[in-house]
Amino acid sequence: MAYLDHAATTPLLPEALDALTDELGRVGNPSSLHAAGRRARRVVEESREALAEALGARPSEIVFTCGGTEADNLAVKGLYWSRLAADPSRRRIIASPIEHHAVLDPLRWLEEHEGAEVVWLPVDRLGRVSAASVEEALAADPSSVALVTVMWANNEVGTVQPIEAIAAAARRHGIPVHSDAVQAVGQLPVDFAASGLDAMTVSGHKIGGPHGVGALVLGRGVEVTPLLHGGGQERDIRSGTLDTPAIAGFAAAAASAAASLGVRPARTAALRDSLVAAVQAAVPGAVLNGDPAAAGRLPGNAHFSFPGCEGDSLLLLLDARDIECSTGSACSAGVAQPSHVLLAMGADPDLARASLRFSLGHTSTEADVAAVASAIGPVVERARGARLATQRH
Amino acid sequence: MRVLAALSGGVDSAVAASRAVAAGHDVTAVHLALSRHPQSYRTGARGCCTLEDARDARRAADVLGIPFYVWDLAAEFAEDVVDDFVAEYAAGRTPNPCLRCNEKVKFSAVLDRARALGFDAVCTGHYARIVDGPDGRELHRAVDPGKDQSYVLGVLTVEQLAGAMFPLGDTLKTDVRHEAAARGLAVAEKPDSHDICFISDGDTAGFLRRALGDAPGDIVDAEGTVVGSHEGTYGFTVGQRKGMRIDRPAADGKPRYVLDISPVDRRVTVGSREDLAVAGLEGVRPRWCGPVPEAAVDCLVQVRAHGDATAATAWLDGDGLLVVDLVEPILGVAPGQAAVLYDGTRVLGSATIDRTVPAVVATPSTVS
């Protein structure tokens, strides 16, 4: 089995598994005042400190959530609502069109239901958003802008954004800026304080931690309107009993990722480079999407279009050969739509449908690359045949 | 064999797939997404195109431990089935969309893609039997007469049949439900689907009115006398008795039936039950599930999905039309439906009914 879908979810790191399972057997609500509660609270707070340390943030800036999607929703809606409450003229949101659906769909929802107006930033054919375009969008009418949101690195094509320059542009106009860093953490150096961001989304299961836990890193003094009201946990921003085991596992994974930042990404990138070379050797027409330069791309990402194929067919054929990857596109009732990311990058819909994402991570091996190298040629040939056999005249 | 099992989300296709697995085949499941807007087709649990059906299909695949994919066939389905359905009604005929779906989608687009991807067969939950005969594969009626679906498969050619697998043909529906329950398939008690899957509310007339617009016209009797009016000829099927707005009762006081539909002059002609009797028919686009007959064959012909087969002699004329002479006249043969020919339980082939030959030549009644 070659698991090459780390961008979807990662295998648990051993230290995360230990931290998680140690806590699962213990009782205690971190909000309780008795000994069991105090013990759980200590685990949560130590985890908060470890996570903050790993992300270059202060412990008080960590707001635990049930995952990346909740953190994105909290950032986008919460910032919009609080900014609008303070100044009813701030209805514009500046965003990239290649955001994850956890940002994209809240943006569209705010447009449809809450009077927001989203200004979509241009994206070049490598998937890059420029700080200059953010500056331009802001300068048009800064007093009407509620927030800026641009992801740190793209989950489909792996393109890394100039997030510090984008944050600096927003700061010059005093506009809060959010970034979804779910894919970046563990693969790139992510330092919240140095980035200049006001809010940043992170997720547990993308970095070798457990599912169902994430965090919004929220700068002190940044106001967001809560989505969940209740017991007042997490600075009254996110009510709900904290999931101590998941938080402990998440922090352990983040600490491990930060500690091995000098080793793991370089190792992953080397494997990725040999996978890209192997695919391009086996399939001369294969198109590598995203930024080909190492500095502009997540080390674990290899995203291709195979002209003349359906991504669906490639996935089925590779799955049958025990190679697990993704078309990287959104599903509704499981029906593959051409990726909004590739379309925004100017790809034609046919080529967008012909795409496949291999994403490597901490458990990837040379054997995984070898499995792809030997399978991809025949698989692409067969998928092309299937496309020809069913093409409408 | 490598088998692609089409899972609709219903009990039949789930049990068919489970039998393919039990038989030792290497089975992969697909659910066909046929609607461009999955939620806009049928709601509830009766159809084959809802998000709930997709989930049920996925769940069945999980229980069987086989890979599951969704194939988007919405464009093919819209063009070959839905558009064809509307066009046929617009032309005054009564189509059967299930037949068209089997011919053009399930055993064409899906089978072609499956074969190209390395599968040997497409497995469905249709109730029909494939029998190895002396000259190759034969398609036969299912053993459960109440569920037999050989009629809607009557369009399959030998080539299509070669890539088809119908594991339920020798089983009663009640046994299929028991087997589903025994195998832990949650769809065991799911109701059967009956209506047209792409008409969510079951209102075919409303669907056609939205597609074709109002086209009011006259209802006339055999003499051409206007006896009523209608909102569009597509609301009628030859042989229909109910649902007509007729102002003047027939002279003999007997019920009147639709005899003919003429969309060009927006006329629906009605007459007596006797006038419905048909002695023969002509079919276009003949398709053969076996050798093309070189001479006239004595056979049975079935002219609608739920109807008896009747004795006939059939042959191909020089223009490639299928001509069918009925031994005894039958009633209510609607152009657009398929005439499926059987030899006993075996399907020989089919054609789309284009015109019928009345049993009694209408003689204008004397006007007093």
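Criteria and cut-off values
- Residues numbered from 1 in each chain as written.
- Chains lettered and ligands numbered in written order.
- Predicted model: local features only at pLDDT ≥ 70, side-chain atom pairs only at ≥ 80, totals over all residues.
- Helix = DSSP H or I, 4+ residues; strand = E, 2+ residues; numbered from the N terminus.
- Rg over C-alpha atoms; globule rule 2.2 N^0.38 Å.
- Contact = placed C-beta atoms within 7 Å.
- Domains from an automatic or database assignment.
- Nonpolar A, V, L, I, M, F, W, Y, C, P; charged D, E, K, R; others polar.
- Axes fitted to C-alpha atoms, helices over the stretch in contact; angles between N-to-C directions.
- Parallel < 35°, antiparallel > 145°, perpendicular 65-115°, else oblique.
- Left-handed = near helix turned anticlockwise from the far one by under 90°.

> Could you give me a rundown of the overall build of chain A, with the residues and numbers involved?
Looking only at helices and strands, chain A has 13 helices and 14 strands in total. The C-alpha radius of gyration computed for chain A amounts to 21 Å, which stays within 12% of the reference 21 Å derived for 393 residues, consistent with globular compactness. Principal-axis analysis of the C-alpha atoms places the extent of chain A at approximately 65 × 55 × 40 Å. Sequence separation of at least 24 residues holds for 75% of the intrachain contacts in chain A that already meet a minimum separation of 6.

> Outline the domain arrangement of chain A, supporting the account with residue identities and numerical values.
All names here are of chain A. Each assigned domain of chain A is listed with its residue range as follows: domain 1 (14-259) and domain 2 (262-390). Each of domain 1 and domain 2 has a C-alpha centre, and the two are 28 Å apart. Domain 1 puts 18 residues into the contact, and the matching count from domain 2 is 21 residues. Residue classes in the side of domain 1 that touches domain 2 are distributed as seven nonpolar, eight polar and three charged.

> I'd like a description of unusual backbone geometry, backed by residues and values.
Residue and element names in this part refer to chain A. Unusually for a residue other than glycine, E234 sits at a positive phi of about 55 degrees. Tracing the chain through its elements places E234 in the loop between β8 (214-218) and α8 (244-259). Unusually for a residue other than glycine, R235 sits at a positive phi of about 60 degrees. By the element assignment, R235 lies in the loop between β8 and α8.

> So what about the domain arrangement of chain B? Which residues, and what values?
Residue and element names in this part refer to chain B. Split by domain assignment, chain B resolves into domain 1 (2-189), domain 2 (214-274) and domain 3 (277-358). Distance between the C-alpha centres of domain 2 and domain 3: 26 Å. The interface of domain 2 with domain 3 comprises five residues on the first partner and six residues on the second. Broken down by class, the residue content of the side of domain 2 that touches domain 3 amounts to one nonpolar, two polar and two charged.

> Now, about the packing of helix α5 (residues 131-140) of chain A against helix α6 (residues 163-172) of chain A: what can you tell me, with residues and values included?
All names here are of chain A. In the contact formed by α5 and α6, the axes pass within 8 Å of each other and the chain directions differ by 15 degrees. Our classification of the angle between α5 and α6 gives roughly parallel. Regarding α5 and α6, the two cross each other, and that crossing is right-handed. Across the interface between the two elements, A131, V134, E135 and L138 from α5 touch A165, I166, A169 and A170 from α6. When grouped by side-chain class, the residues that make up the contact of α5 with α6 number seven nonpolar, no polar and one charged.

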